[in-house]
Amino acid sequence: QVQLVESGGGLVQTGGSLRLSCGASGRTFSGYPMGWFRQAPGKEREFVGSISWNGGSTDYGDSVKGRFTISRDNAKNTVYLQMNSLKPEDTAVYYCAVARTYGVLPRRSNEYHYWGQGTQVTVSS
């Protein structure tokens, strides 16, 4: 059974940093792009960023570009999201997911499957 588990969320002050992890079990996803999304209460799920199968390419949503960094360790079947200079508007549940296909770095949530359960990030002002 495929399982993605996010961790590392929590409460942080404005300007602080957090590092989220997403560990996969049940199968390896080393050949697929992986992405991070977030969803705040009352809002649609938002694309945060994605990373190619080998980490050589990344893509970020405009709201996090320059502040967030995605990386992956295929040997550990884990993807990371380093979040710096956090703002209150970054408060959301953060999810990782596996892309359905090889190659391009998708931005739409329906281009992903195998979602984690999410981890809460709260940024206080």
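It should be emphasised that the depicted structure is a prediction, and the values quoted were computed from it without experimental measurement.

The antiparallel open sheet is built from four strands, whose spatial order is β1-β3-β8-β7. Strands with a single pairing partner mark the edges of an open sheet, and in this sheet they are β1 (3-7) and β7 (68-73). Averaged over all neighbouring strand pairs, the angle between strand axes comes to 15 degrees, with direction disregarded. Alignment of β1 against strand β3 (residues 18-25), held across five bridges, turns out to be antiparallel. Opposite Val-5, over in β3, you have Gly-23 as the bridge partner.

Our focus in this paragraph is the state of the cysteines. Within the structure shown, the criterion is met by one disulfide. Each disulfide pairs two cysteine sulfurs, and for Cys-22 the partner residue is Cys-96, the sulfurs being separated by 1.9 Å. Disulfide Cys-22 to Cys-96: torsion about the S-S bond roughly 60 degrees, handedness right-handed. Residue Cys-22 is located in strand β3, and its partner Cys-96 is located in strand β9 (residues 92-99); the two are separated by 74 residues in the primary sequence.

Analysis parameters
Residues numbered from 1 in each chain as written. Predicted model: local features only at pLDDT ≥ 70, side-chain atom pairs only at ≥ 80, totals over all residues. Heavy atoms only, no water. Pairing = 2+ DSSP bridges. Helix = DSSP H or I, 4+ residues; strand = E, 2+ residues; numbered from the N terminus. Axes fitted to C-alpha atoms, helices over the stretch in contact; angles between N-to-C directions. Disulfide = S-S within 2.5 Å.

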